[in-house]
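Coordinate inspection notes
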Amino acid sequence: MTTLHGRALDELRGCLDAVRSEEFDGAVAAIAAAGRVALYGVGREGLQIRGLAMRLFHLGLKAAVVGDMTTPPVGAGDLLVVSAGPGDFSTVSALIGVAQDAGARVLVVTAEPAGAAAKRADLVLAVPAQTMASDRGAAANSVLPMGSLYEGALYILFEILVLSLRERLGVSPAQMRANHTNLE
């Protein structure tokens, strides 16, 4: 186990070290400036997106997961954050169109910055990692299965993003905790 977890942690560090600071800072600024933030992802990427939405809510931001019954409409001044690790998904593409038609900006988080979703985005946050689209043949180099490297990197990256937002917005850990549910 020691060898495997060491390799996995080294791979995660490599992904996070390769995230461009200007893209990260742009994502922080866009989220901080947004009136509302709608977030979307599929599969395990979607689980990471849901975790980010929860933390944005803890920060006191108006954040919602697309598809939930309480998701408000987006428009000018709002931001749609989508994850498209392999470069694009049909649902992501459709949501980008709806959001942009309504005047919202779009942040695409992806392992494929040259992918179709990123090309349509206002902002891109590239996370260079193996995804389900690159887990076969010579491109497969992660010890983690399928898209787990991308998904794991998202978890850590999103938590660092939240810490940056917390500092930028002047939100204390106690204020975040006060927004945590008591219905567990």
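Heads up: these notes are all about the structure in this document. (Residues numbered from 1 in each chain as written. Predicted model: local features only at pLDDT ≥ 70, side-chain atom pairs only at ≥ 80, totals over all residues. Heavy atoms only, no water.)

1. A look at the overall build of the protein
When helices and strands are counted, the protein shows 7 helices and 5 strands. Secondary structure elements of the protein occur, N-terminal to C-terminal, as α-α-β-α-β-β-α-β-α-β-α-α. A compact globule built from 184 residues should have a C-alpha radius of gyration of about 16 Å, and the protein, at 16 Å, falls within 12% of that. Based on the C-alpha atoms only, the size of the protein along its principal axes is roughly 45 × 40 × 35 Å. Of all 184 residues assigned to the protein, the portion counted as buried reaches 42%. The long-range fraction of contacts in the protein, counting pairs at least 24 apart against all pairs at least 6 apart in sequence, stands at 68%. Of the roughly 9,500 Å² of accessible surface on the protein, 56% is carried by carbon and sulfur atoms. In the protein, 15 positive and 18 negative side-chain charges are present, and the distance between their average locations comes to 4 Å. (Helix = DSSP H or I, 4+ residues; strand = E, 2+ residues; numbered from the N terminus. Rg over C-alpha atoms; globule rule 2.2 N^0.38 Å. Buried < 20%, exposed > 50% of the residue type's maximum accessible area, 1.4 Å probe, protein only. Contact = heavy atoms within 4.5 Å. Areas by Shrake-Rupley, 256 points an atom, 1.4 Å probe, with all protein chains shown as cover. Lys, Arg positive; Asp, Glu negative; His and termini not counted. Charge placed at Lys NZ, Arg CZ, Asp CG, Glu CD.)

2. Points about the packing of helix 3 (residues 43–58) against helix 6 (residues 148–169)
Following both chains from N to C, one finds helix 3 and helix 6 inclined at 10°, their axes separated by 9 Å at the closest point. Accordingly, the angle class assigned to the pair helix 3 and helix 6 is roughly parallel. Side by side, helix 3 and helix 6 meet where Arg-44, Glu-45, Gln-48, Ile-49, Leu-52, Arg-55 and Leu-56 of the first sit next to Ser-148, Tyr-150, Glu-151, Leu-154, Tyr-155, Phe-158, Glu-159, Leu-161, Val-162 and Leu-165 of the second. Its residues placed into classes, the contact of helix 3 with helix 6 shows 10 nonpolar, 2 polar and 5 charged. (Axes fitted to C-alpha atoms, helices over the stretch in contact; angles between N-to-C directions. Parallel < 35°, antiparallel > 145°, perpendicular 65-115°, else oblique. Nonpolar A, V, L, I, M, F, W, Y, C, P; charged D, E, K, R; others polar.)

3. Some points on the packing of helix 2 (residues 21–33) against helix 6
Close contact between helix 2 and helix 6 brings their axes to 10 Å; oriented N to C, the two are set at 55°. The orientation of helix 2 relative to helix 6 falls into the category oblique. In this structure, helix 2 meets helix 6 at a crossing whose hand is right-handed. Contacts between helix 2 and helix 6 pair Phe-24, Ala-27, Val-28, Ala-29, Ile-31 and Ala-32 from the former with Leu-157, Ile-160, Leu-161, Ser-164, Leu-165, Arg-168 and Leu-169 from the latter. (Left-handed = near helix turned anticlockwise from the far one by under 90°.)

4. Topic: the nonpolar core
Of all hydrophobic cores here, the largest spans 38 residues; its most connected members are Leu-56, Val-109, Leu-125 and Leu-161. Elements supplying a minimum of two residues to this core: helix 1 (2–17), helix 2, strand 1 (37–40), helix 3, strand 3 (79–83), strand 4 (105–110), strand 5 (123–126) and helix 6. Element by element, the count of residues in this core is highest for helix 6, at 9 residues. Discounting residues that sit within four places of it in the chain, Leu-125 has contacts with Val-19, Glu-23, Phe-24, Ala-27, Leu-107, Val-108, Val-109, Thr-110, Leu-157 and Leu-161. Formed by 13 residues, the second largest nonpolar core is a distinct cluster that contains Leu-80, Ala-84, Val-92 and Ala-99. (Core = buried A, V, L, I, M, F, W, Y, C linked by side-chain atoms within 4.5 Å.)

5. Re helix 4 (residues 90–101)
An ideal rise of 1.5 Å per residue puts 16 Å on 12 residues; helix 4 measures up with 17 Å between its terminal C-alpha atoms. The complete set of buried residues in helix 4 reads Val-92, Ile-96, Gly-97 and Ala-99. On its buried side, helix 4 packs onto strand 1, strand 3, strand 4 and helix 5 (116–120). Once helix 4 ends, the next one or two residues include Gly-103, with phi positive near 95°. (Expected span 1.5 Å × (residues − 1).)

6. Some words on the pattern of salt bridges
Once their charged atoms are close, side chains differing in charge can pair, the charge on each being opposite to the other. For the structure shown, the criterion picks out 6 salt bridges. Put simply, Glu-151 and Arg-44 hold a salt bridge, and the shortest N to O gap is 2.6 Å. Of the two residues, Glu-151 sits in helix 6 while Arg-44 sits in helix 3, which places them 107 residues apart along the sequence. For Glu-151, a relative accessible area of 9% gives the class buried. (Salt bridge = Lys/Arg side-chain N within 4 Å of Asp/Glu carboxyl O.)

7. So, helix 3
The terminal C-alpha atoms of helix 3, which comprises 16 residues, lie 23 Å apart, in line with the 22 Å expected from a rise of 1.5 Å per residue. Buried-residue contacts for helix 3 involve helix 2, strand 1, strand 2 (63–65), strand 3, helix 6 and helix 7 (173–178).

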